[in-house]
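Here are the chains, one letter per residue:
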Amino acid sequence: MEKKSYTVTAALPYANGPLHLGHIAGVYLPADIFVRFLRLQKHDVAFICGSDEHGAAITLRAKKEGVQPQEIVDKYHTLIKHSFEKFEISFDIFHRTSSELHHQYASEFFKTLHEKGAFEEQKSLQYFDATYQQFLADRYITGTCPKCQHPNAYGDQCEKCGADLSPTELINPTSTLSGNTPELKETTHWYLPMNNHEDWLREWIQKGSMEGEIIHDPKTWKNQVVGQCMSWINGGLRARAMTRDLDWGIPVPLPNSEGKVLYVWLDAPIGYISATQQWAIDNGKNWKDYWCKEEAKDRKLIHFIGKDNIVFHAIIFPILLKAHGDFILPENVPAYEFLNLEGDKFSTSRNWAVWLHEYLEHYPNKVDELKYVLTSIAPENKDSEFTWADFQTRINSELADIYGNFVNRVTVLIHKYYEGVIPSAHKLTTYDQKVLSEIATIPGKISDLLYQYKIREAQQEMMNLARIGNKYLADEEPWKVIKSDPIRVETILKVALQITEKLALCSRAFLPKTADTLLNMLQINSEDWDLTESMLISGNSIGTPTILFEKITDEWVDHEKSKLITTPITNSKYPIMKELISFEDFTKMDLRIGHVIAAEKMENAEKLLVLKVDTGIDERTIVSGIAKHYDAAAILGKKVVVLMNLAPRKIRGVESHGMLLMAENSEGELSALISDRDFDFGVTIA
RNA sequence: GGCGAGGUAGCUCAGUUGGUUAGAGCGCAGGAUUCAUAACCCUGAGGCCGAGAGUUCAAAUCUCUCUCUCGCUACCA
């Protein structure tokens, strides 16, 4: 039984930056093509998206720019929404997680799970740092070990005697944040015990079955998705805390949870549901028809995402949906790989990107061109690459030369011979019939491919219509036949126009603007994906020929490439100044020049070096995350600035006493600070 | 470090359960043509299918080792 209705989501963009072409090619454009196609197939579809506006990264960005988090999310929500509109991504709704409705529903969702016992609740007395107004994780507390009297044991463990501890056992506990004595307060944490869900997840992902019933075909899922999920499940899922200590987000809707918000897992994906609710309210629908088991029995839920989001959508969100009980589970999670740009990864921080809003501002009439190119290189099964030279080639030698030129040839000929009036067909030759039956198969081929999420190949099939058309004209040579058999030419051009018609119809999923132009010209108005009979009416006149796609010049390519290299970063690359501190605060820091007398890379760690530093008063071990910038030999013998009196901390099993001070530039590169007068090690800095 | 996914013509990518001369588009070369956006049409040349070993009558496809790329994850105060 073929299901006839769909709820399609596209990953919520995070509202702390604009969209670039990588986002578009790997999520939103494929989803939009799929949805446009489904609508033409007369499926009942809701296409849902919105901006994800919570989380620590946004608060950090707000601090950096010196504004409130709300300002950040308002700015980017608006920018992103407008970009999607101009690029004609046909969401039914583009909502936002900072909305009242979302807050309400996410809270309700949390409460339902809570009532059903989906969480493991842990009440405990936990140390609270009054200065920082936050609860302290175990490792942020040090004190004297009750077993061996070691003075610097951690809240979870004493590495001197190896004892497992809890923070309340420590004698003289100290907060490593403020250095003050923390106070004990009662707090509650809610954990999602994912380990309890391994069995059904395994069956659901590998076999597509739930409680014995097959609900999807796992063969249609991408390798990468099944592979990564099974690797997580086989590795053993762990309980994870569902709350965070943060003041920006959805407050945990339970007592004793001040200062806690719902973690992203219970926030962002619920945004799909709350967005659907808003849309349903606005359009007189029942949102449950799109999400709930009872009401949406035969509905397919599809999540379009990037590959970094696989576990989130194929394991965690399904657990939440199933634990809630009312919901259907995703039928597929088409995950796309990443798009690169001119040989390098897209990078927001390095400004190595083509920003969608800038493209749309400069080239508002080149929407379909960009869609064509991005679909051609959609990263379906592996990372792919965008270059401006390729952009030019694809538009010039494919879109313009094959598609645009074919349409132009047909319309010019009809104007030349019939003053723009559609001629009648007479007797069809076997070649005419062969061509007509060939083009009749194309919508079905595209359809098969799109149901398998193969949008590049599907778009190729659309282009094949133009190729067939060009070949038909070359074979039939109406410009020659007109001299000997003008009646025959009427049939030839009618057939050529039928190819154009089919091309226009198939283009609606991929190149909506172009399709509109063509259908308008041909005076065809159909909401169906395919037509068994042509709707062209002989005697109607078609519009004047226009150039559908202009060629991209070398200057354009050079210009865009040069912009990539020289564009300065939009926001200042210099972080804003931190809060003022008192002189007393400053003098608390003990800074000295140290001499690195031993250095080795820590095993099994990418970024860590274990250093022995002579500080004049002692030789101490410091673990430093600089391995990407200094290998052991390069730092050995160097004089470095050491923060001496930072509370010791165990890093991957090695206790680190103090830290090296490093300069960090906007690229994230590090440089050791060395005194320019070559003072000996051991001197103090003030 | 652990795990997952990739490495196929100059470029962007397909290759279904291992089976005869490894495919497409673009680019390139030659030819034909002029209705058309110096476009279209025909023909052709380009691949040690990342490296090495193994299983098999047969391997791009299965196994192992290595290597490069990307993602997730741990660790970077």
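Residues numbered from 1 in each chain as written. Chains lettered and ligands numbered in written order. Predicted model: local features only at pLDDT ≥ 70, side-chain atom pairs only at ≥ 80, totals over all residues. Heavy atoms only, no water.

**Q** What am I meant to see in the domain arrangement of chain A here?
**A** As a measure of interface size, the accessible area lost when the parts come together is often cited. Entries for chain A in the domain assignment read domain 1 (5-110 + 263-345), domain 2 (113-260), domain 3 (387-570) and domain 4 (583-672). Averaged C-alpha coordinates put domain 1 and domain 3 at centres separated by 34 Å. Taken together, the contact pairs 20 residues of domain 1 with 17 residues of domain 3. In total, about 1,800 Å² of surface goes out of reach between domain 1 and domain 3, with carbon and sulfur atoms giving 66% of it. (Domains from an automatic or database assignment. Contact = heavy atoms within 4.5 Å. Buried area = accessible area lost by both parts, 1.4 Å probe.)

**Q** Before we go on, may I ask you to explain the protein's contact with RNA strand B in this structure?
**A** Residues in close proximity to RNA strand B total 53 residues, the closest being S231, K307, S384, N405 and G625. Counting only atoms of RNA strand B within 4 Å of the protein, the fraction found in sugar and phosphate groups is 80%. One of the side-chain nitrogen or oxygen atoms of K307 is found 2.5 Å away from a sugar or linking oxygen of RNA strand B. At the level of secondary structure, the elements contributing two or more residues to the surface near RNA strand B comprise α6 (223-234), β20 (384-386), α12 (388-418), α14 (455-476), α15 (478-484) and β25 (649-651). (Near = heavy atom within 4 Å. Polar contact = N/O pair within 3.5 Å; in protein donor to acceptor, adjacent residues only side chain to side chain. Helix = DSSP H or I, 4+ residues; strand = E, 2+ residues; numbered from the N terminus.)

**Q** Got a minute to help me understand a negative patch on the surface in this structure?
**A** A contiguous patch of negative charge on the surface is contributed by D289, E294, E295 and D326. Looking at the element boundaries, E294 is found in the loop between α8 (288-291) and β15 (299-306). (Patch = residues over 30% accessible without salt bridge, like charges linked within 9 Å, V, L, I, M, F, W, Y side chains within 5 Å. Areas by Shrake-Rupley, 256 points an atom, 1.4 Å probe, with all protein chains shown as cover. Salt bridge = Lys/Arg side-chain N within 4 Å of Asp/Glu carboxyl O. Lys, Arg positive; Asp, Glu negative; His and termini not counted. Charge placed at Lys NZ, Arg CZ, Asp CG, Glu CD.)

**Q** Would you take a moment to explain empty space enclosed by the protein for this structure?
**A** Where empty space is left can be seen by rolling a probe of water-molecule size over the atoms. Inspection of every chain in the model, using the stated rule, returns one cavity of 30 Å³ or more. Taken as a whole, the largest cavity holds about 40 Å³ of empty space. Around the largest cavity, the lining residues are L12, C49, G50, S51, H95, R96, T97, H102, G271, S274 and A275. Those elements that provide at least two residues to the lining of the largest cavity are β2 (44-51), β3 (93-96) and α7 (270-283). Classifying every residue of the lining of the largest cavity gives three nonpolar, seven polar and one charged. (1 Å grid on protein atoms, 1.4 Å probe; cavity = no way out; pocket = protein on both sides within 12 Å on 5 of 7 lines; lining within 4 Å. Points joined across faces, edges and corners; volume = space filled by probe spheres on them. Nonpolar A, V, L, I, M, F, W, Y, C, P; charged D, E, K, R; others polar.)

**Q** When you look at the pairing of strand β23 (residues 619-624) in this model, what are you seeing that I'm missing?
**A** Looking along a regular strand, one sees side chains alternate from face to face of the sheet. Where burial is concerned, most of β23 is hidden: five out of the six residues are buried. Taken together, the six bridges between strand β22 (residues 609-614) and β23 define a ladder with antiparallel strand orientation. For K612, the partnering residue across the bridge sits in β23 and is T621. Where β22 hands over to β23, the hairpin turn is made up of four residues, of which G616 adopts a positive phi near 95 degrees. (Buried < 20%, exposed > 50% of the residue type's maximum accessible area, 1.4 Å probe, protein only. Pairing = 2+ DSSP bridges.)

**Q** Is there a simple way to explain the nonpolar core in this structure?
**A** A general feature of soluble globular proteins is that nonpolar side chains tend to end up buried together. Membership of the largest hydrophobic core comes to 178 residues, with the highest contact counts inside it found for Y28, F386 and Y403. Apart from residues lying up to four places away in sequence, Y28 is in contact with A10, A11, L12, P13, L19, H23, C49, F84, I89 and F91. Core analysis: the second largest hydrophobic core is formed by 14 residues, V596, V613, I626 and L660 among them. (Core = buried A, V, L, I, M, F, W, Y, C linked by side-chain atoms within 4.5 Å.)

**Q** Got a minute to help me understand the pattern of salt bridges in this structure?
**A** Opposite charge on two side chains makes pairing possible when the charged atoms of those side chains draw close. For the structure on display, the rule yields 24 salt bridges. In this structure, D401 engages K551 in a salt bridge whose closest nitrogen and oxygen atoms are separated by 2.6 Å. With a gap of 150 residues between them, D401 in helix α12 and K551 in the loop between α17 (512-522) and α18 (554-566) connect regions that are remote in the sequence. Residue class for D401 comes out partly exposed when judged on its relative accessible area of 32%.

**Q** Even after reading the chapter, I still don't get the packing of helix α5 (residues 198-207) against helix α9 (residues 310-324), so can you show me in this structure?
**A** Between two packed helices, the angle of one axis relative to the other and the distance separating the axes together describe the packing. Where α5 meets α9, the closest approach of the two axes is 11 Å, and the angle between their N-to-C directions is 115 degrees. Crossing handedness for the pair α5 and α9: right-handed. Of the residues in α9, those in contact with W200, L201, W204 and I205 of α5 are A314, I315, P318, I319 and K322. (Axes fitted to C-alpha atoms, helices over the stretch in contact; angles between N-to-C directions. Left-handed = near helix turned anticlockwise from the far one by under 90°.)

**Q** What should I look at first to understand the layout of surface pockets in this one?
**A** Roughly 630 Å³ of volume is contained in the second largest pocket. In this structure, the second largest pocket is lined by 21 residues; those nearest its centre are E213, I215, K293, K297 and I328. Every element with two or more residues in the lining of the second largest pocket is listed here: β11 (213-214), β15 and β16 (330-332). Residue composition of the lining of the second largest pocket, grouped by class: seven nonpolar, two polar and 12 charged. Both domain 1 (5-110 + 263-345) and domain 2 (113-260) contribute no fewer than three residues apiece to the lining of the second largest pocket.

**Q** Just to check I follow, could you spell out unusual backbone geometry for this structure?
**A** One can expect most non-glycine residues to show negative phi and most peptide bonds to be in trans. A positive phi angle is found at E88, which is not glycine, with a value near 60 degrees. With respect to the secondary-structure elements, E88 resides in the loop between α3 (69-86) and β3. The phi dihedral of Y453 is positive, around 60 degrees, even though this residue is not glycine. Along the chain, Y453 falls in the loop between α13 (430-451) and α14.

**Q** Just to check I follow, could you spell out the packing of aromatic side chains for this structure?
**A** The geometry of an aromatic ring pair is captured by the separation of the ring centres together with the interplanar angle, meaning the angle of the planes. Under the defined criterion, the tally for this structure stands at 36 aromatic pairs. Centroid distance F110 to W190: 6.0 Å. Interplanar angle 85 degrees. Geometry classified as edge-to-face. Residue F110 is located in helix α4 (residues 100-115), and its partner W190 is located in strand β9 (residues 183-193); the two are separated by 80 residues in the primary sequence. Just as F110 is buried, W190 falls in that class too. With a centroid separation of 5.3 Å and 55 degrees between ring planes, the pair formed by Y263 and W265 is classed as tilted. Three or more aromatic residues joined by ring pairs make a cluster, and in this case those are Y105, F109, Y272, W287, W291, F317 and F327. The ring of Y336 has K222 sitting right over it, with the charged end atom 4.2 Å from the ring centre. Positioned above the aromatic ring of F87 is the side chain of K371, whose terminal nitrogen or guanidinium carbon lies 5.4 Å from the ring centre. (Phe/Tyr/Trp six-rings, centres within 6.5 Å; stacked < 30°, edge-to-face > 60°. Lys NZ or Arg CZ within 6 Å of the ring centre and 35° of its normal.)

**Q** Whenever I open this one, the packing of helix α1 (residues 21-40) against α13 confuses me. Can you help?
**A** Between α1 and α13, whose axes approach to 11 Å, the crossing angle comes to 130 degrees. Between α1 and α13, the interaxial angle falls into the category oblique. In the crossing of α1 with α13, the sense of the turn from one axis to the other is left-handed. Residues I33, F34, F37 and L38 of α1 lie in contact with α13, whose contacting residues are S447, L450 and Y451. (Parallel < 35°, antiparallel > 145°, perpendicular 65-115°, else oblique.)

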